[in-house]
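# Reading the structure
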Amino acid sequence: MRLWDPVRSEAVSVLTGHEQIVYSSVWSPRIPGCIASTSGDRSLRVWDIKSPGGAKISIAAHDSEVLSCDWCKYDSCVLATGGVDGLVRLWDLRNPKEAVRQLTGHENAVRRVKFSPFSASVLASCSYDFSVRLWDVKVGDTPLETVSNHSEFIYGVDFNLHNPGQVGTRLNAFAGHINTDETS
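All of these numbers come straight from a predicted model, not from anything done at the bench.

Cut-offs and rules
- Residues numbered from 1 in each chain as written.
- Predicted model: local features only at pLDDT ≥ 70, side-chain atom pairs only at ≥ 80, totals over all residues.
- Heavy atoms only, no water.
- Helix = DSSP H or I, 4+ residues; strand = E, 2+ residues; numbered from the N terminus.
- Rg over C-alpha atoms; globule rule 2.2 N^0.38 Å.
- Buried < 20%, exposed > 50% of the residue type's maximum accessible area, 1.4 Å probe, protein only.
- Disulfide = S-S within 2.5 Å.
- pLDDT = per-residue confidence, 0-100.
- Contact = heavy atoms within 4.5 Å.
- Salt bridge = Lys/Arg side-chain N within 4 Å of Asp/Glu carboxyl O.
- Pairing = 2+ DSSP bridges.
- Axes fitted to C-alpha atoms, helices over the stretch in contact; angles between N-to-C directions.
- 1 Å grid on protein atoms, 1.4 Å probe; cavity = no way out; pocket = protein on both sides within 12 Å on 5 of 7 lines; lining within 4 Å.
- Points joined across faces, edges and corners; volume = space filled by probe spheres on them.
- Nonpolar A, V, L, I, M, F, W, Y, C, P; charged D, E, K, R; others polar.

## Re the overall build of the chain
Scanning the chain from terminus to terminus reveals zero helices and 17 strands. Computed over C-alpha atoms, the radius of gyration of the chain comes to 16 Å, within 12% of the 16 Å expected from 2.2 N^0.38 for 184 residues, which places it in the range of a compact globule. C-alpha extents for the chain along the principal axes are approximately 50 × 40 × 30 Å. Counting only residues that meet the buried cut, the chain has 45% of its 184 residues in that class.

Here it is as structure tokens:
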């Protein structure tokens, strides 16, 4: 994995350790210089770019390729992952030996996971099963809501930073869909 300087248009650092393609990387919103990544090698890795060497934490996160990860915006030790196995897993970096929660329900690969910027426990996931699920990870394993009206693979999901009632999805490079909660 490479870290780039956009001004100089060159890599400023190379992080080695993943053995296959890196599908996702995301900076920690709370720890400067800390980045998490997921890969086809089934791992979630956490890096401190200020320290030499490989990943500081390496977790065998899924039994198949790990396509996505995201940090909880309110807890610097909590990450979510989504994998080809259709599972969403939550990890506490203080005890990374096993997932603290596993969310089931997707019938195909989970392409993206995203924590809400408005709630410490709300997580969105989207899947190649054409659905988006909203979870309260503190409450249980049943989604708060499932939106299944897409007609294509869903590649991305994100929360609108200006309107807590909106979640956007990315269907492909040219189209998107907005789900709006008009009661917010």
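## Quick word on the state of the cysteines
A complete count under the given rule lists zero disulfides for this structure. Just so you know, cysteine 69 is unpaired, no disulfide at all, and the nearest cysteine sulfur is the one on cysteine 34, 10 Å from it. Note on cysteine 77: no disulfide assigned, nearest cysteine sulfur contributed by cysteine 34 at a separation of 9.5 Å.

## Some remarks on the confidence of the model for the chain
Here the chain averages 86 in pLDDT, while 91% of its residues score no lower than 70. Here strand β17 (residues 175-180) stands out as the element of the chain with the lowest mean pLDDT, 44, in contrast to strand β8 (residues 78-83), whose mean of 98 is the highest. Predicted confidence is poor over residues 173-184, with pLDDT under 50, and the contacts of this stretch with residues over four places away or in other chains come to 21 contacts.

## Re the pattern of salt bridges
Opposite charge on two side chains permits pairing when their charged atoms draw close. Counting across every chain of the model gives nine salt bridges. Between aspartate 75 and arginine 94 there is a salt bridge whose closest N-O contact spans 3.5 Å. Taken together, the positions of aspartate 75 in the loop between β7 (66-71) and β8 and arginine 94 in the loop between β9 (88-92) and β10 (101-103) put the pair 19 residues apart, joining distant regions of the chain. For aspartate 75, a relative accessible area of 24% translates into the label partly exposed.

## With respect to unusual backbone geometry
Although it is not a glycine, serine 9 sits at a positive phi angle of roughly 55°. Here serine 9 lies in the loop between β1 (2-5) and β2 (10-14).

## Considering the sheet that holds strand β4 (residues 34-39)
The four strands are arranged β3-β4-β5-β6 in an open sheet whose pairing can be described as antiparallel. Every interior strand has two partners, whereas the edge strands, β3 (22-27) and β6 (57-60), have only one. Averaged over all neighbouring strand pairs, the angle between strand axes comes to 15°, with direction disregarded. Bridging between β3 and β4 involves five bridges; their strand directions are antiparallel. From the neighbouring strand, serine 24 faces β4, where its bridge partner is threonine 38.

## A closer look at the layout of surface pockets
A probe matching the size of a water molecule, rolled over the atoms, marks out where space remains unfilled. When its volume is computed, the second largest pocket comes out at roughly 230 Å³. If you go around the second largest pocket, the residues you meet are Cys72, Tyr74, Asp75, Val78, Leu90, Trp91, Asp92, Val100, Arg101, Ala120, Val137 and Lys138. Sort the elements by how many residues they give to the lining of the second largest pocket and β9 lands first, with three residues. Among the residues forming the lining of the second largest pocket, the class breakdown is eight nonpolar, no polar and four charged.

## Brief notes about the sheet that holds strand β14 (residues 145-147)
One open sheet holds the four strands; their spatial order is β11-β12-β13-β14, and the pairing between them is antiparallel. A strand with exactly one partner marks an edge of an open sheet, and here the two such strands are β11 (110-115) and β14. Across the sheet, the mean angle from the axis of one strand to that of its neighbour is 15°, orientation sign disregarded.

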